[in-house]
Amino acid sequence: MKKIFSVDPWKVTEMDMHPQDNRLAESVMSIGNGHMGMRGNFEEDYSGDSLQGTYIGGVYYPDKTRVGWWKIGYPEYYAKVLNAPNFIGIRTAVDGVNVDLAQWDVENFERSLDMRRSCLQRSFTLVDNSGRRIDVAVTRFLSRSRREVGAIRYAFTPKDHRADILFTPYLDGDVYNEDANYGEQFWSHVSQSADSSTSCLTMETKKTAFVVSTAMRWSLDGADPDRTDAGEKQSYVENQVQCRAEPGQTVTLTKYAAVTTSRDWPSTETEAMAVQRVNEAYEAGWDSLFDEHCRAWKQIWTEGDVVIEGDDEAQQGVRFNILQLQHTYTGEDPRLNIGPKGFTGEKYGGSTYWDTEAYCLPFYMSTMDHSIARNLLLYRYNHLEKAIENASKLGCEGALYPMVTMNGEECHNEWEITFEEIHRNAAISYAIFNYVRYTKDKQYLADYGYEVLLETSRYWADRVSYQPRKDVYMILGVTGPNEYENNINNNWYTNTMAAWNLEYALEVRSYLRQHHPERLREIEAKRNLHEQEPEQWQVIRDKMYKPFIEEHGVFAQQDLFMDKEQLTVDQLDPDDLPLNQNWSWDRILRSVFIKQADVLQGLFFLNDRFDQQTKQRNFDFYEPRTVHESSLSPCVYSIIAGEIGRTDKAYELYLRTARLDLDNYNNDTEDGLHITSMAGSWMSIVYGFGGLRVCDDQLHLNPFKPAAWERYAFKLVFRGHLLRVEIAEGKAKVTQEGGKPVDIVFLGKTVSVPADETLEVDLH
Ligand code: BGC
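Thresholds applied
- Residues numbered from 1 in each chain as written.
- Predicted model: local features only at pLDDT ≥ 70, side-chain atom pairs only at ≥ 80, totals over all residues.
- Heavy atoms only, no water.
- Pairing = 2+ DSSP bridges.
- Helix = DSSP H or I, 4+ residues; strand = E, 2+ residues; numbered from the N terminus.
- Contact = heavy atoms within 4.5 Å.
- Axes fitted to C-alpha atoms, helices over the stretch in contact; angles between N-to-C directions.
- Parallel < 35°, antiparallel > 145°, perpendicular 65-115°, else oblique.
- Left-handed = near helix turned anticlockwise from the far one by under 90°.
- Nonpolar A, V, L, I, M, F, W, Y, C, P; charged D, E, K, R; others polar.
- Salt bridge = Lys/Arg side-chain N within 4 Å of Asp/Glu carboxyl O.
- Buried < 20%, exposed > 50% of the residue type's maximum accessible area, 1.4 Å probe, protein only.
- Near = heavy atom within 4 Å.
- Polar contact = N/O pair within 3.5 Å; in protein donor to acceptor, adjacent residues only side chain to side chain.
- Areas by Shrake-Rupley, 256 points an atom, 1.4 Å probe, with all protein chains shown as cover.
- Phe/Tyr/Trp six-rings, centres within 6.5 Å; stacked < 30°, edge-to-face > 60°.
- Arc of directions from axis to C-beta.
- Domains from an automatic or database assignment.

## Observations regarding the sheet that holds strand β17 (residues 211–221)
In space, the 10 strands of this open sheet follow the order β1-β2-β10-β11-β12-β13-β20-β17-β16-β15, with antiparallel pairing throughout. Of all the strands in the sheet, the pair left with one neighbour each is β1 (5–6) and β15 (187–193). One ladder, built from nine bridges, connects strand β12 (residues 133–142) with strand β13 (residues 149–158); its direction is antiparallel. Of the residues in β13, the one forming a bridge with Ala137 is Ala155. Contacts from helix α2 (residues 270–304) reach β11 (119–127), β12, β13, β15, β16 (198–205), β17 and β20 (251–261) within the one sheet, and its direction differs from that of β20 by about 135°.

This is the structure:
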């Protein structure tokens, strides 16, 4: 594995240009602020290989589905993450020659992501044909405090000659998606206006009619412009700023940009708002804009940092993951969600998988205000009617949430996943349970949660098959989380979680009957629930079939799992890995090898229902058969390994998640980052090593220290308390920053943590 980024606790730096790996570096250097984001593309022209990418949260295009054999239930169109108008462009010419890093001689190139301040920096020296040098330094950020605003500082310093410099900052709406199914362009032009101060471009998405206005304004420091001009053509506006710099003199072009959309403003007002926002940014000036952005990031790190001492690679890995999660989703807008590639690439239609509920929710719930996790739940509540339509398309009652979605509609079209990976429904219900358990916001159940539980339960009650010979309910024709087996019967995880979903719906129903009887009546009347339905949920829950392998004392992945040839990963030729790049799909499906946590996912979710021996037996049986070819897998195994005392194994599995993109483990980071598994790597530390659990209405911490680390520390936001947990050799400490005293269970003992005090416990 070639490593192109240097190791530093707060920076990711690409030293020297790597034209062959430019797409990889562009993915890793992505920045975002929840409203929008972009790859680490260059501002100036670049004729080498590059994937140009600017993305705006919630602005999508319904691309016509492309499949071989059409099956009823497939979506006709599905929402695709859309490459948006480019607003970073600053074409630059020096002494009449256009700057293009693929054509010029370049020295001392560095591209670096400053994680503390969430900004992208580049510096390099251009060498012209006569050997004259110019130093260039660039900083770009997307404001965390003004979500529609971004800014770029672009500074040129000729070292040994007097240079004529022409900056051409521009906005370009003539952009494409590389992954368009039929090569169509997704934008149409609305209007543009170029002016020597503020210019604006308005484009509209085809079919979805999202109107997006992008405005820009520039300023020049270090010299007076000799000439300025403005120009436009359809879908494009530019300014020209000509100036001269003496040797050693720095001239800096600052480009301010604002992006407004009809998601937030009436479509007739987006242009005026973009102009207003960019003018406000310009008035504030670079220093104050950047300063307020840095202050917002300081706050994020204060509440959500994970510190690892003694292992800079691990430290850089986890900070990079936290940074990119924060770039992707900030939680203020319940219409948005956490795309598996975030704002870092086009791949994957839609934005929301079960990854959000299963992997991302704990991260946002524990590192930010609880309202943010609540918004993630509301997203699904708001898509409930669409999920009911989706179930009905497949001939079922109740609600089946889509496998992947942007607007509530399905964005996936492979039958074995779209129709069969139905376990996702239970993850959505589980997230409600997880949120209420963590935050104690029981009101959510009455306001929104129960409706989702009711309709998902209805779905399960319809989807199960009764087996009279055995007097059990089964779930046939499914794909579990392990996508390396399709159309199997009785996936233990799916059956167990479906039964749990029914049980939880009944429990919440009893709670509402006691505490919110009026609201319960209202919901059940709205949803047309017949009294026999909950009775039936109870019967199905009690009689759900859960396959078991007697000879090993473990849960069975699925009915026929033991009929497969029982091999383990260490018996494979290492050259065959990853299987999905070396074996035929047929061979994979017939094999025993498991793509990702499946039975183990159930042990993690329903953690306090299984004893240590059960966890141990299942771990020992399934881990050797698991190839972890989904980035979501090792974190769950790592957490269970930590729980059963296999601390070295927990650490080894953790390493597979923490630097997945920085080290390009799966050889696919060029397409974009693996955003959702980043939350899994955070969980490996906080749940795995830190032993975080919430049970019996209390926060439990049961930490251990990986041998390779000297010390680690993380923060937790828990029911209004901010706790700092630190684990060093032989000692674990918990400190509450401000707040009222809070009771927690720390290494098995209930303790009260007063405000601004530290409790210290010896680690056994
Ligand atoms: C995994 C799924 C996951 C999806 C998006 C797939 O490879 O198997 O569980 O939802 O990626 O991250």
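## What about the environment of Phe433?
Checked against the element boundaries, Phe433 lands in helix α8 (residues 424–439). A sequence separation of 320 residues divides Phe433 from Val753, and the C-alpha atoms of the two residues are 26 Å apart. For Phe433, the contacting residues outside a window of four places in its chain are Trp500 and Tyr504.

## Looking at the packing of helix α3 (residues 312–328) against helix α19 (residues 675–689)
In contact at an axis separation of 9 Å, α3 and α19 are set at 130° when each is read in the N-to-C sense. One way to sum up the angle between α3 and α19 is to call them oblique. Read as a crossing pair, α3 and α19 show a hand that is left-handed. On α19, the residues that touch Val318, Phe320, Asn321, Ile322, Gln324, Leu325 and Thr328 of α3 are Ile675, Met678, Ala679, Ser681, Trp682 and Ile685. Its residues assigned to classes, the contact of α3 with α19 shows nine nonpolar, four polar and no charged.

## Things to note about the sheet that holds strand β8 (residues 90–94)
The sheet built from five strands is open, its strands ordered β9-β8-β14-β19-β18 with antiparallel pairing. Across the chains shown, the open sheet's two edge strands, defined by having one partner strand only, are β9 (97–98) and β18 (227–233). Relative to β9, β8 runs antiparallel, the two sharing two bridges. The residue of β9 that forms the bridge with Ala93 is Asn98.

## Re the pattern of salt bridges
Tallying each qualifying case throughout the model produces 70 salt bridges. Put simply, Glu455 and Arg527 hold a salt bridge, and the shortest N to O gap is 3.3 Å. Here Arg527 lies in the loop between α11 (517–526) and α12 (532–542) and Glu455 lies in helix α9 (residues 443–463), a separation of 72 residues in the sequence. Judged by relative accessible area, which is 8%, Arg527 ranks as buried.

## Observations concerning the site of the ligand
Taken together, the neighbourhood of the ligand is formed by Tyr353, Trp354, Asp355, Glu483, Lys595, Gln596, Ser630 and Leu632. Here an oxygen atom of the ligand and a side-chain polar atom of Asp355 are 2.5 Å apart. Lys595 is positioned with one of its side-chain polar atoms (N or O) 2.8 Å from an oxygen atom of the ligand. Across the complex, the protein chains shield 87% of the 310 Å² of accessible surface that the ligand would expose by itself. A per-class count over the shell around the ligand returns three nonpolar, two polar and three charged.

## Brief notes about the packing of aromatic side chains
In the structure shown here, the tally under the stated rule is 57 aromatic pairs. Consider the rings of Phe156 and Phe167, whose centres lie 5.5 Å apart with planes at 85°: the pair is edge-to-face. One end of the pair, Phe156, is in strand β13; the other, Phe167, is in strand β14 (residues 163–172), with 11 residues separating them in the sequence. Classification of Phe156 as buried rests on a relative accessible area of 0%.

## As for α12
Residues of α12 that are buried: Glu533, Pro534, Trp537 and Ile540. Across the axial projection of α12, the buried residues extend over an arc of 115°, all falling on one side. Tucked into the core, α12 has its buried residues touching α9, β23 (472–474) and α10 (492–515).

## Notes on the environment of Gly748
For Gly748, the position within the fold is in the loop between β31 (742–746) and β32 (749–753). With 46 residues separating them along the chain, Gly748 and Asn702 place their C-alpha atoms 7.1 Å apart.

## A short note on the domain arrangement of the chain
Assigned domains within the chain: domain 1 (5–304) and domain 2 (711–762). Between domain 1 and domain 2, the C-alpha centre-to-centre distance is 43 Å.

## Things to note about the environment of Gln324
For Gln324, the position within the fold is in helix α3. Of the residues examined, Gln324 reaches a relative accessible area of 1% and is grouped as buried. Counting along the chain gives 209 residues from Gln324 to Met115, while the straight-line C-alpha distance between them is 9.2 Å. When sequence neighbours within four positions are dropped, the list of residues in contact with Gln324 reads Val28, Ser30, Leu113, Leu673, Ile675 and Met678.

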